[in-house]
Every structure is written in structure tokens, then in C-alpha cells.
Amino acid sequence: MDERLLPRGRSRAPFGRFLLWLVPWAALLGVGLYAAYLCLALGLNQTNMDNRFAFGLWIYLDLTVIALGAGAFFTGFLLYVMKKRELAAVINSAVVIGFICYSGAVAILAIDVGQPLRAWFTFWHPNVHSMLTEVTFCLTCYLTVLAIEYLPLLLRNRQIKKRPSMLVFEFELHKVMAVFALVGTFLSFFHQGSLGGLYGVLQGRPFAYRDSLAAWPSTFFLFILSAAAVGPSFVLATTWIVQKVSGRTLVKREVFDLLARVSGSLLLVYVLAKSVDTLVWINHTSFALGVDPATFYAFAPFGTWALFAEIVLLGLVPALLLALPRTRRNPRLLVPAAFLACAGVAMNRFVMTVQTLALPTLAFDPFLSYTPSWQETASFLAVVAYGVILYSVSFRYLNLFPQERELASLPEA
Amino acid sequence: MDAVRKPGGARYGMVIDLDKCNGCGACAVACAVENNVPPAPERANDRNGITWMRVHRLEAKGEARAAFLPLMCQHCGDKTPCVSVCPQNAVEVDPASGIVAQVPVRCLGCRYCMAACPYHARSFNWWDPDWPGRLTETLNPEVSTRTRGVVEKCTLCSHRLQAAQDAQAANGGGTKPPVYTPACVEACPAGAIVFGDLDDPESEAARLAKAPGSFRLLERLGTGAKVYYRTGRDWVRRLADGRAAGDGRTHG
């Protein structure tokens, strides 16, 4: 039925089966959109956030998907700037994933703020001292860059490129794509950092506050490093999932190897930097604010296990598994290691967002807990559903994996 | 962000005597009525209701004695945690009065200022404000009501300051910042709250702020709060800020 739209040389499931695959995701999207409507129409009283837990599930997951979406900018950086040509095999997929992550995060932010129609105020009356201003500017610009990077993929569709004007447009866009990759890298570096700075500057929250390096708190640099380290792992993990779900080999083995090598090496640097930062924070920053760092871990369930899990189990362990050639080349270890690395960045964002707000600041404050409402959970699941649908449609009709055709024609090993 | 001070301006603040406060809550009620804080909806609780001023009960475990601590925006001075974080300048420090103002019409409702405030002195409008029936007749025409989706907090009754400035100007002006009284100070039956210009050596508030036994909450964070507390009882001091009298700096 839709054969004329499918990329040449690729086999795809029958249209009916494809629609059947989309149905549950569309249902999830529908429920989530209804939940989002409730939040927008009736107000944020539909959530379980409150005056003490002013940020909740949405901010945590926004920070996490933006970190994971860093795969787009960092793969672009490696391909176009560091000339790692092998990554041309995954750059299209990485761009789509990046676009999904960022557009999903922006959509959730639009529900999360109390007055979404005033979002333009930040551009008109910006407070240049606020990390959130930096985040807003960079996020908006980078989402535009991602949309521009997504455009050539669309224009290369069989039917669209039949129009000569579209073909010329795509060709011209392709020529400047390296510039957009560079701009995207610059913007990404800044907003990943600003998201870290968002918490690092909170002098009123000693658990999150960090000393400054140059003009930024150390979390600014740690967020950049962790996102750059985990981005390639997320590209690896998603490519593996797509291979399993579609039942096709999409990229050559050496592409996985390169992604894992880059991710592992950067993760090792990150773990080292994070360890140094933690030691400085424990031995200097906390005491300078008059807080014994032991009190941060005195409240269950956030014991020191959380710190150990974040730095060692979900940091050092995947870093070593990905960096060492022997473990990296073992398929049974490679993919779990990539997932562990992604879980590590999710854990770090959880600690920064949720643990920071749960811990008391005043002497007579209680330790607080928070459980998201179904509206919060469903709204976020709608983003997941939107991502799966957009990715599935892109995978079906666009050339996300240039090596797929070549690999499909090879005899099975 | 370091606050800028206007030469000749005031630095309004208050000193709350915890040994006089009996926890009656009159200050909180007066504040709510004066500033058009809407009645709480049915589903509201102590964590999502709007309270510009809240009276905390300080109680040591296993002990029968208790003290009360009224808490509102501390109007931080030197390094205001909320001002620098707001992306659209909806939080400002007035250089002429030192009052940390929230500008609800500019507020995006991102709640970053709430996450930044160590005193949890800010409230978000989770619901549409509603004054059912003839309760609208209780609204104070001097204070704007706020909409759903914005943050609000204590303004040190800045509308009363405005009225005092107008009165001073009508009477030929003066060289000194005007004297005025916020609603909570007026309502306290125990006289536990003293308000005034902390830079004016003749004001009672300035004298008490510097007197032994006065302290500020979370002094160690360097927020430069303009609300001081006083107590002569060590156990109250310990429950209020985790320290005994004499530990660290007690006044600034």
C-alpha cells in the first residue's frame, strides 16, 4: 500500500502490521495527551508537585532525555568535526533521536510551567544571570538546528526527491550541514552545561551547590562531560533495540565498537572528574556552607549507596566495560554496558533534581517524599509514545541507516 | 546576585521575638487577609496551599515544651538566592527599600525560585484563586490578586510602604525613608514582631537585630536575610537553626 514511499533496497513489514505496531503507542499517546490537557486546562493541581517539591518527575525526565539526546550533537561532532566517517552509519538515526528527545522535553516543559503563554517573556525580558535563561535560549536554538538537520532526511524520501526543487534544496542543505553540526555542538555544550549549572548555583541548597570554576559551578562541566559520554552509548543502545525489533542488521560491527570506545573513554574521564568534584564538595564546599556532608545521606532511602551506585556501579563499571577492548567486543557485555551508562546519567539527574528537593534545609524541616500523579506519569509516557511513533515512521520511510542496504545484500554469516 | 542599595534608601526588616510568640497565628491570618490570599480549595493541604506567613511549631522529641516560629520570605540582602535564578526578571530587589519583590505579571511559573529558596517561603498558585460568594467584598483594593500558575510570597506589605511614601510626599516630603507597619506586625497581640529600617540606628528593629540573642535562619549560607529572630532559650535556638546561642555569627 505504501511501497512507493519506502526507501529503495530496504524490506519493510507489511503496512497492516506496521499500523498494528503503532496502535498501542497511539493509545498511550492519546491517554497522555488527555492528561496533558487536564494539566493545561485545570492547572498544575493535577500533579503531585507542591510548594516544597516544586520540581518533580517532569524536570527529572527532561534532564535525563536531554542528556541522552546528546547522542545527536556528539555523533555530529565526531562525524563532521573529528572526521570519524564510520559514524555516518548512525548519524541520521542519532539526529531523529535527538529531535525526539529535545522536542519531547520542550513539550513537557510547556506543560510544566504555570503560564506557558508567557514563555516569550524570557526572550523579551531575559535575566542574563539566570541559568534557566541560558537553557531556554540554547534549547530553542538547538531544537531549530535539529529540525534543520532532520529536513534533509525527509527531502531524501523517494517521492519527495522526485521534485527537482526539493532535490536542489536537499543538496544545498547537505553542503551546509557541517556548519549546523558545529552550531549544534556549540549550543549543546552550553545548554547541557547550563542544565548542570541550574542546580550547581543554588546556594540555598547545599546538597546541589558547587564551587565555581571560571564563571560556572563544576556541575556545568560535569553535565557536559556526562552527556557527551553517554550520548554515544544511547545511540548504540537504541540502534541495538531497532535491530532487535526490526529483525535487521543495520550497522557494521565496527560502528558499535567505535561508539563504545568513545563512550567508554569519555565516561572514564567523567568518573574521574566526578570523583574529584565529590571529594571537593564533601571536604570543602559543604563545610564552607556550614553543613556536615554526612547529613545529606542520613535520610532513607538516600544513603551513601546512592553515591556509590552513581559513581561506581553506573559509572566506573560501564566505563571500563566499554573502554576495554576485550569486554567491548563481547556482545553480551557491550549492550548491557551501554544501558548501564545510560542508567548512570539518569541516576545523576535523579540525585540532582529529586534528592536536592527532598533534603531539608532548615533545622526544623522534615525530609520530604513525592510520588508523581497519573497525569504526570501519563504526560511523560506520551512523549515516549510520540518518540516511538515518530522514530518508527522515520525508520520505515527514511534512510536512517545507510549501511542497511549493503548489509541486507550480504549473505548471512 | 548581590543586591544594589540606593544611597539614602532604607533596609526594611523585622525582628521576631520567639520568647514572646505564642503561636496564635494572628499574623498569618492578617497577612492573608491584607494581601488577598485566596481561601484554600478543598483539595489543598499544608504543602500546596498558599501561605505567605506560616507559624512553625518547634518541639524537641519527647519533651513537653514547644515554641513557635513565624516564617515568611526572609528578604535576603547580599546574595538573594531567588533573584538571580528567575529567567524573566520576575523577582527583584528594590534598591530603595531592600524589599525582595515578586512581580506576578511577569512570572512564568517555572518555580525555579521556589527550588532556590532555602526558607520555602514561596507559594505557587496550583489552583485558580476563588473568593466564593460575597467574599470578594473582603478583597483589599490596594493589592492585586494573582492568577493561577504564578508564584507569590511576602512583600513586607509594600503597598503600605507606597501609601506611606505618598503621605510623606503630600506632607512636604522628608529626608528619611517613611515609617510604616506591615499587617502581621500590627496584628500580633504579643508584640513579638518589631519592624523598621535596619540601617536606621534610631529604629528599634535595628537595635534589636544587633542585640545579643538575635540570629538569622541559615546565616551560614550568606543570604543576608533581613528577618531576625530572638530568643534567650538555648533549646529554642537549637531547634530554630540547629545551633546553640553563641555558636557562629549572631548578627550582621
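Residues numbered from 1 in each chain as written. Chains lettered and ligands numbered in written order. Predicted model: local features only at pLDDT ≥ 70, side-chain atom pairs only at ≥ 80, totals over all residues.

### Points about the interface of chain B and chain A
Frequently, the measure chosen for interface size is the accessible area that the parts lose on association. As a reminder of what qualifies: In this description, a residue-residue contact is defined by the distance between C-beta atoms placed from the backbone, which must lie within 7 Å. In this text, helices come from DSSP runs of H or I with a minimum length of four residues, and strands from runs of E with a minimum of two, each type numbered from the N-terminal end. Classes in brief: Ala, Val, Leu, Ile, Met, Phe, Trp, Tyr, Cys and Pro nonpolar; Asp, Glu, Lys and Arg charged; the others, Gly included, polar.
Counting from both sides, the interface comprises 47 residues of chain B and, opposite them, 34 residues of chain A. The set of elements that each furnish at least two residues to the side of chain B that touches chain A consists of β2 (54-59), α2 (81-85), α3 (112-116), β6 (123-124) and α7 (234-241) of chain B. Broken down by element, the side of chain B that touches chain A gets its largest block of residues, four residues, from α3(B). Residues of the side of chain B that touches chain A, tallied by class, amount to 25 nonpolar, 12 polar and 10 charged.

### Concerning helix α7 (residues 164-200) of chain A
Heads up, the condition is: One fewer than the residue count of a helix, multiplied by 1.5 Å, yields its expected span. Two axes define the bend at a residue: one fitted to the seven residues ending there, one fitted to the seven starting there, and the bend is the angle between them.
In this model, α7(A) (37 residues) spans 51 Å end to end at C-alpha, consistent with the 54 Å of a helix rising 1.5 Å per residue. Most pronounced at V176(A), the bend in α7(A) amounts to some 45°.

### Let's talk about the packing of helix α9 (residues 253-288) of chain A against helix α10 (residues 304-323) of chain A
The geometry of a pair of packed helices is captured by two quantities: the angle between their axes and the separation between those axes. All names here are of chain A. Going by this rule: Interaxial angles span 0 to 180 degrees and are taken between N-to-C directions of axes, which are lines fitted to C-alpha atoms, for helices over the stretch in contact. Should the near helix be turned anticlockwise from the far one by less than a right angle, the crossing is termed left-handed; should it be turned clockwise, right-handed.
Viewed as axis vectors pointing N to C, α9 and α10 meet at an angle of 145°, and their least axial separation amounts to 7 Å. Where α9 crosses over α10, the handedness of that crossing is left-handed. Across from A260, S263, G264, S265, L267, L268, V271, K274, S275 and T278 in α9, the residues of α10 making contact are I311, G315, L316, P318, A319, L322 and A323. For the contact of α9 with α10, the residue count by class is 10 nonpolar, six polar and one charged.

### Remarks on the environment of P7(A)
Within the fold, P7(A) resides in the segment before α1 (15-42). Residue contacts for P7(A): discarding those within four places in its chain leaves R158(A), L398(A) and N399(A).

### Re the nonpolar core
So the rule is basically this: For this entry, the nonpolar core is defined as buried Ala, Val, Leu, Ile, Met, Phe, Trp, Tyr and Cys residues connected by C-beta atoms within 7 Å. Here the C-beta atoms are placed from the backbone, and a residue counts as buried if at least 20 other C-beta atoms lie within 10 Å of its own, exposed if 12 or fewer do, and partly exposed otherwise.
By size, the foremost hydrophobic cluster in this structure holds 193 residues, and its most contacted members are V230(A), C113(B) and I193(B). Top contributing element to this core by residue count: helix α8 (residues 218-246) of chain A, with 14 residues.

### Concerning the confidence of the model for chain B
All names here are of chain B. What counts here: You can read pLDDT as the predictor saying how much it trusts each residue, on a scale of 0 to 100.
Per-residue confidence for chain B gives a mean pLDDT of 91, with 94% of residues at or over 70. Contacts from residues 248-252, a stretch scored under 50 in pLDDT, to residues over four places away or in other chains number 10 contacts. Here the complex is predicted with pTM 0.92, and the ipTM for its interfaces comes to 0.92.

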